[in-house]
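For reference, the chains in residue letters:
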Amino acid sequence: MYLLVVAEWEDGRRPLIGRLIGVLLLVSLAASFVDPAGTSNKLFATLSTRQIVDWAAHNQSGISVTGFVDGLQNSLLAVAVVLLIRLIRGRGILAAAAYVSVAAFMAIGWVKAGTTWALADTAEQSGSDAGVVALFKLVHVMTFTDGFCFAIALGCVSALILLTRLLPAPIAWLGFVVALVHFLAVPTQLLLTGTVGGITGPISVVFALSWLVAMAVLMLVRPVWEPTAIGTPNQ
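Here goes a summary of the coordinates provided. (Residues numbered from 1 in each chain as written. Predicted model: local features only at pLDDT ≥ 70, side-chain atom pairs only at ≥ 80, totals over all residues. Heavy atoms only, no water.)

Moving on to helix 6 (residues 92-124). Counted at 1.5 Å a residue, the expected span for helix 6 with its 33 residues is 48 Å, and the 48 Å between its end C-alpha atoms agrees. Following helix 6 by one or two positions, S126 adopts a phi angle in the positive range, close to 55°. (Helix = DSSP H or I, 4+ residues; strand = E, 2+ residues; numbered from the N terminus. Expected span 1.5 Å × (residues − 1).)

Below is the structure:
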């Protein structure tokens, strides 16, 4: 009875849910520009031990803000994916796999946030140079750890879109491409250089942004679509 009531409530408010998804995605994208300490640039720059220690010692507050933003972004994206699955009436194994994957994605974001806060706290308390550098390097490599979770969730959501036909097929195919890029990014980089950092990282980010922007615009402009044959435009 409870599930029936919830389903009826959702069906009656699908435009609202869709636009909420768009807003969450846009807020998540906007949050990426909040980086008062320039942490993102520092993580991918070639810095000496002294430069890392000096930067961390003078930017504790900004580093802590960046940590919070990391966790917040993953959380907003996870909630948006959950709402998207409900919007397209996703069911079964694909929906369950997407739920588990976005939960892991959100958890990784907050683990990275905690590590970033530990970096700021250690620097503020004048911890050892080795400790500050180790935490800095840990934050750096954790940037690459949520790609697989994002790829699984996006791949499942894209498959559900094609099955339910409640969103245009092109957005699903774009999702498959982005998911594939994220699946291959780290293995490809390891094969090329033996490390997780490299050109595949920025490439995967660009692809992810393309899907996030396209989905956000779609949800804000037209969140509700009627079932239609694959490849056939809605009338």
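Next comes the rest of the account.
Within this structure, the stated rule accounts for three salt bridges. As a salt-bridge pair, D129 and R50 come within 2.9 Å of each other at their nearest N and O atoms. Linking D129 in helix 7 (residues 129-142) with R50 in helix 4 (residues 49-57), this pair joins segments that are 79 residues apart in sequence. R50 sits in the partly exposed class, given a relative accessible area of 44%. Among the ionic contacts, a cluster of salt bridges with common partners joins R50, D54 and D129. (Salt bridge = Lys/Arg side-chain N within 4 Å of Asp/Glu carboxyl O. Buried < 20%, exposed > 50% of the residue type's maximum accessible area, 1.4 Å probe, protein only.)

Attention now moves to the nonpolar core. Judged by nonpolar contacts, the single largest core of 45 residues is most densely connected at I21, L84, L167 and M215. Of all elements in the fold, only helix 2 (14-31), helix 5 (60-87), helix 6, helix 8 (147-164), helix 9 (169-193) and helix 10 (200-221) reach the threshold of two or more residues within this core. The element contributing the most residues to this core is helix 8, with 10 residues. I63, L119, V132 and V139 belong to the second-largest nonpolar core, a separate cluster that totals 15 residues. (Core = buried A, V, L, I, M, F, W, Y, C linked by side-chain atoms within 4.5 Å.)

In this section: the side chain of S75. In this structure, S75 sits in helix 5. Discounting chain neighbours no more than four positions away, the residues touching S75 are M106 and W110. (Contact = heavy atoms within 4.5 Å.)

This part is about unusual backbone geometry. Positive phi, normally seen in glycine, also occurs at R89, with a value near 60°. The partly exposed category is assigned to R89, whose relative accessible area is 36%. Even without glycine at this site, R165 takes up a positive phi of about 60°. A relative accessible area of 35% means that R165 is categorised as partly exposed.

In this section: the packing of aromatic side chains. The full count for this structure, using the stated rule, is seven aromatic pairs. Ring centres of F105 and F150 lie 5.9 Å apart, and the angle between their planes is 40°; this geometry places the pair in the tilted category. Pair noted here: F105 is in helix 6 and F150 is in helix 8, with a separation of 45 residues, a long-range link. According to the relative accessible area criterion, F150 is buried, its value standing at 9%. One aromatic cluster is present, formed by F68, W110 and W117 through successive ring pairs. (Phe/Tyr/Trp six-rings, centres within 6.5 Å; stacked < 30°, edge-to-face > 60°.)

Our next topic: helix 7. Between its first and last C-alpha, helix 7 extends 20 Å over 14 residues, near the 20 Å set by a 1.5 Å rise per residue. Of all the residues in helix 7, the buried ones are V132, V133, L135, F136, V139, H140 and M142. Against helix 3 (39-43), helix 4 and helix 6 lie the buried residues of helix 7.

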